[in-house]
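What follows is the residue order along each chain.
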Amino acid sequence: FPADVRTKETADLFLVLIKHLLKHNGRAALVLPDGTLFGEGVTAMSRSLASLIAYDWRESTCWVDLNWWKVGATDPATSPFEVTIADVLEGAGTVADLPVATSIPALSMVGAGEVPPGSRARLPRSDALADILDELARSFDYLVLDLPPVLASSDAVALSRVNGTAEQGAFL
């Protein structure tokens, strides 16, 4: 928000807008925060937004990492994710295995996992990923998707259209 209108009330009204405009036919509301470059803090902002929705509104919320372009972002030794989206796509788990509970009772998180560079461009447009997101959407009130920056790849635009998210999601 511009500095001259950035207040707690402005932020509260923005969150009310998200809450009331995004619910669609009993499916999860999808929130798609995005930036233009790596390092802008979109991952931190998307995690904070998911935490706020879960904690303040007590709505079941799932933060979903869909940014496979963060090289080495997931260290298997310290990752909380036993099963990632990449694992499910390779048949090494199910969608039910994906969500990891957090210390906030209504908040879960899903990890992207490691995807080979040659497969990254096709993944956001795949039916298999659309099916995973659709199944997650039936299990939560809100999905907050962490997307790659729009100047790094075209994934964010493709992911905004996966399985109807363009009609029910919002880019921030």
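For the structure itself, consult the block above.
Residues numbered from 1 in each chain as written. Predicted model: local features only at pLDDT ≥ 70, side-chain atom pairs only at ≥ 80, totals over all residues. Heavy atoms only, no water.

Trainee: Which parts of the structure should I look at to understand the nonpolar core?
Mentor: Nonpolar side chains in soluble globular proteins generally cluster together in the buried interior. Residues V64, L66, W68, I85, L98, L136 and L143 are the most contacted members of the largest nonpolar core, which totals 23 residues. Within the residue set of this core, elements represented by two or more residues are β2 (61-65), α3 (85-89), α5 (127-139) and β5 (142-146). Per-element tally for this core: the top contributor is α5, with five residues. One finds L49, A50, A106 and M109 within the second-largest nonpolar core, a separate group that totals 14 residues. (Core = buried A, V, L, I, M, F, W, Y, C linked by side-chain atoms within 4.5 Å. Buried < 20%, exposed > 50% of the residue type's maximum accessible area, 1.4 Å probe, protein only. Helix = DSSP H or I, 4+ residues; strand = E, 2+ residues; numbered from the N terminus.)

Trainee: I tried to follow the pairing of β5 on my own but got confused; where do I start?
Mentor: Working note: regular strand, side chains alternate between the two faces of the sheet. For β5, the tally of buried residues reaches five of five residues, placing the bulk of the element in the interior. Burial of the side chains of β5 extends over both faces: Y142, V144 and D146 are buried on one face and L143 and L145 on the other. Alignment of β2 against β5, held across five bridges, turns out to be parallel. Residue pairing for β5: T61 is matched across the bridge by Y142. (Pairing = 2+ DSSP bridges.)

Trainee: Honestly, the pattern of salt bridges in this entry has me stumped. Any pointers?
Mentor: Pairing is possible between side chains of opposite charge, provided their charged atoms come close. For the structure shown, the criterion picks out one salt bridge. The salt bridge partner of D134 is R138, with a shortest N-O separation of 2.5 Å. In this pair, D134 and R138 are both assigned in helix α5, four residues apart and thus about one turn of the helix distant. (Salt bridge = Lys/Arg side-chain N within 4 Å of Asp/Glu carboxyl O.)

Trainee: Quick question: what am I supposed to make of the side chain of D146 here?
Mentor: On the secondary structure map, D146 appears in strand β5. With residues near it in sequence (within four places) discarded, D146 still touches V42, T43, S46, W63, V64, D65, L66, N67 and K70. (Contact = heavy atoms within 4.5 Å.)

Trainee: Could you clarify how one ought to interpret the pairing of strand β4 (residues 107-110) in this entry?
Mentor: Burial along β4 is two-sided: L107 and M109 and S108 and V110, pointing in opposite directions, are all buried. The pairing of β2 with β4 spans four bridges and is parallel. Residue pairing in the sheet places T61 in a bridge with L107 of β4. Examined bridge by bridge, strand β3 (residues 100-101) and β4 share two bridges and lie antiparallel to one another. Across the sheet, V100 pairs through a bridge with M109, a residue of β4. Remark: five residues form the turn of the hairpin made by β3 and β4, two consecutive strands paired antiparallel.

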